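Chain by chain, the residues run as shown.
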Amino acid sequence: MCGIVGCVLKQKNAAPILLDCISKLEYRGYDSVGIATENNKIYIKKDKGKIIDVNTNLDLADMEGQSGIAHVRWATHGDPNKLNSHPHTDEEGSIAVVHNGIIENYDQIKARLISEGHEFKSDTDTEVIPHLLKDFMNEGLSLEEAMRETVKVIHGAYAIAAVCVDEPGKVVATRKDSPLIVGIGDGEFFVASDSPAILKYTNNIIYPERDEIVTLTMDGVNITDIEGNVLDKEIETIDWTPEMAQKEGFDHFMIKEIYEESDAVRNTLTEKESIREIIDDVKDDINKIVFVACGTSYHASLTGKYLIESMSGITTEVLLASEFKYSAKTLDERTLVIFISQSGETADTLKALDVANETSKTLAIVNVAGSSATRRAKYVIQTQAGPEIGVAATKTYISQLTAIYLLAALLADNQELLDKLEKVPNYIDEILEDVEPLKIMTEKYKYTDDFFYIGRGFVYPTALEGALKLKEITYIHGEGYAAGELKHGPLALIDNCIPVVVILPPGENHRKTMSNLEEVKSRGADVIGIGAKSDEGIINKSKDYFLINDEVDDIIAPLVYIIPLQLMSYYIAVEKNFDPDKPKNLAKCVTVE
Ligand code: F6R
């Protein structure tokens, strides 16, 4: 999704710093890039393409000014081309605007403005904003006041930042349902869609609420509410460092983040006591749990259902956030609704959270501190994965699972599971110590068109997640199935062109899953077995196999068996020369419904 940055710098030129900041938001997924600075006139450079390509044509040297805005665009309204790239301006080019989100009523506003004589250059929804700002400023309002009036006119989701020649050295910004943070540095003031953009310059952050107006000047930051009252906002210090958002010698963020998964588990396990407090608070008042999430977070939630229902007997449902509204009437005050989201900004999830807040207790399990979900849910569990830059979720998934395991184990008072969790980081490290055989085994599948992933019980969601990772970064079709369900239809597809990844941890489902392995093998499939070391004698009947520590039984297998599946997708993507960090058409933070 789009990313925005704005800055006012006391001592430095804005253009190179804006470019540096916006390049840290590349991970969000984008097709165009643009920068505007202000120094008695507005300087704009923008184009379709990746920052690295556009940058060579941008020639920032002649962009004057110590204040400015920047944007990476993920096209929603209008093709990805230079004209539709942000920043957009009014007709005179005196105001420049960047915007993340969607202005739902832009067509009515645009029609009205055109009837009043305005001329538009792009197909975007965003372009109405500089025109509205200009009209309000023509009535005598300041840029800040004009922004306040503009948000009363526009509907939808937005984070907006603007500069204007008539108000030099200033950036005015606002947000509603799209992320925006404010960074307070030493004589350097920022707004940005996400903290990695500005971590190099400051980790003192303010989180503006919806329709609050942020004004950056050389003197500092002023935040006002929709009535114009000055707000005294808390400055929070985040403990993420700029290094955490660097590749640090790895070829890609994705592989670096896979190697950080044992730490993601270790660090999230430290949340145990705060999770215990939440459980103590709700336990006696709930008779049902509903998880709500999208994508990978949905798969983590499914594991939660297996854990909670099998250990506590509490009815647990899992809903896709985008389908949530059809089930909303089944919630009541005795339902705990748990929202899982690495970004905390997913529009579908936030919409569902607002609805659930009306009837039920809500809990958000989120990786990004200060994100919208953390501010809207009644209870919050912060996963401790650190910043995840690769678009495909890996370490945030494992940290979500860790939080869910803690929740489930504490709900059931299951000390044995809590003890097992402590060992998980070591099992992950053992896998990562020697990945070469897995790499060699996997690379040969780069010409394969379809894969199946099968697992039973706790590792059925692992099969779904393995298949999703494959689709996302290799563009190979992968389908996750409950191992016992294959014979009810998809078995018809199995032949020697379709490898089947069989997830086979030790435990009560082992024998049955083994039969499913034989079932697909006898239909000619190339079986890739992922199982326990002591099973080598039976798994070696597979075409390929990968072995994991025997102590990893089926209950904790989701936290460990996913690692080889993530690695397999990564190695295939690299072998196919795809960038696993930036899969086509996908975005890290999905702020549209
Ligand atoms: C997959 C992936 C997506 C997200 C989904 C929800 O690798 O990252 O499927 O899991 O878009 O995002 P969050 O967790 O930010 O709500």
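As a starting point, this report considers the structure included with it. On a predicted model such as this, the values are computed, not experimentally measured, just so you know. All chains use their own residue numbering, which begins from 1 and follows the written sequence. Where totals are concerned, whole chains, interfaces and linings use all residues; where local detail is concerned, this predicted model gives features only for residues with pLDDT of at least 70, and gives and counts side-chain atom pairs only at 80 or more. The side-chain values count all of the structure's non-hydrogen atoms but skip hydrogen atoms and water molecules.

### Looking at the site of the ligand
Throughout, near means a residue has at least one heavy atom within 4 Å of the molecule or strand. Near the ligand you find 13 residues, and of these Ser297, Ser341, Ser343, Thr346 and Glu472 are the closest. Separating an oxygen atom of the ligand from a side-chain N or O atom of Ser297 is a distance of 2.6 Å. Contact distances for the ligand include 2.6 Å between an oxygen atom and a side-chain N or O atom of Ser341. Residue exposure ignores everything except the shown protein chains as possible cover, and the areas themselves are Shrake-Rupley values with a 1.4 Å probe. Surface burial for the ligand is 91%, taken as the share of its 400 Å² of free accessible area covered by protein chains. Contributions of two or more residues to the shell around the ligand are made by α9 (295–312) and α15 (460–474). Of the residues forming the shell around the ligand, the biggest block, three residues, is contributed by α9. Lys, Arg, Asp and Glu make up the charged group, whereas Ala, Val, Leu, Ile, Met, Phe, Trp, Tyr, Cys and Pro make up the nonpolar group; the residues left over, Gly among them, are polar. Considered class by class, the residues forming the shell around the ligand number four nonpolar, seven polar and two charged. Identification of polar contacts relies on pairs of N or O atoms within 3.5 Å, with a donor-acceptor requirement for protein atoms, meaning one able to donate a hydrogen and the other able to accept it, and with residues adjacent in sequence counted only if both atoms are side-chain atoms. Only DSSP runs of H or I reaching four residues or more are called helices, and only runs of E reaching two or more are called strands; each is numbered from the N terminus.

### Thoughts on the sheet that holds strand β18 (residues 361–366)
For two strands to be treated as a pair, DSSP must find at least two bridges joining them. Here five strands make up an open sheet; going across it, the order is β16-β15-β17-β18-β19 and the pairing parallel. Each edge of the open sheet is held by one strand with a lone partner, namely β16 (315–320) and β19 (379–382). Adjacent strand axes in the sheet meet at a mean angle of 20 degrees when their direction is disregarded. Two residues qualify as a contact provided that any one of their heavy atoms is within 4.5 Å of a heavy atom in the partner residue. Every axis in this analysis is a line fitted to C-alpha atoms, fitted for helices over the stretch in contact. Angles between the N-to-C directions lie between 0 and 180 degrees. Seen against the sheet, helix α8 (residues 272–282) touches β17 (335–341), β18 and β19 and runs at an angle of roughly 155 degrees to β19.

### A word on the pattern of salt bridges
Between side chains of opposite charge, pairing is possible as soon as their charged atoms come close. In what follows, salt bridge is the name for a side-chain nitrogen of Lys or Arg lying within 4 Å of a carboxyl oxygen of Asp or Glu. Under the counting rule described, the total for this entry stands at 33 salt bridges. Note that Glu388 is salt-bridged to Lys588, the shortest N-O span being 2.6 Å. Linking Glu388 in the loop between β19 and α12 (395–411) with Lys588 in the segment after α18 (557–575), this pair joins segments that are 200 residues apart in sequence. We note that Glu388, like Lys588, is buried. Across the pair Lys541 and Glu518 runs a salt bridge whose closest N-O atoms are separated by 3.4 Å. Taken together, the residues Lys541 in the loop between α17 (536–539) and β24 (544–548) and Glu518 in helix α16 (residues 510–521) connect sequence positions 23 residues apart. A single salt-bridge network, built from bridges that share partners, covers Asp177, Arg210, Asp354 and Arg376. Accessible area is worked out with a 1.4 Å probe on protein chains only. A residue is then buried under 20% of its type maximum, exposed over 50%, and partly exposed in between.

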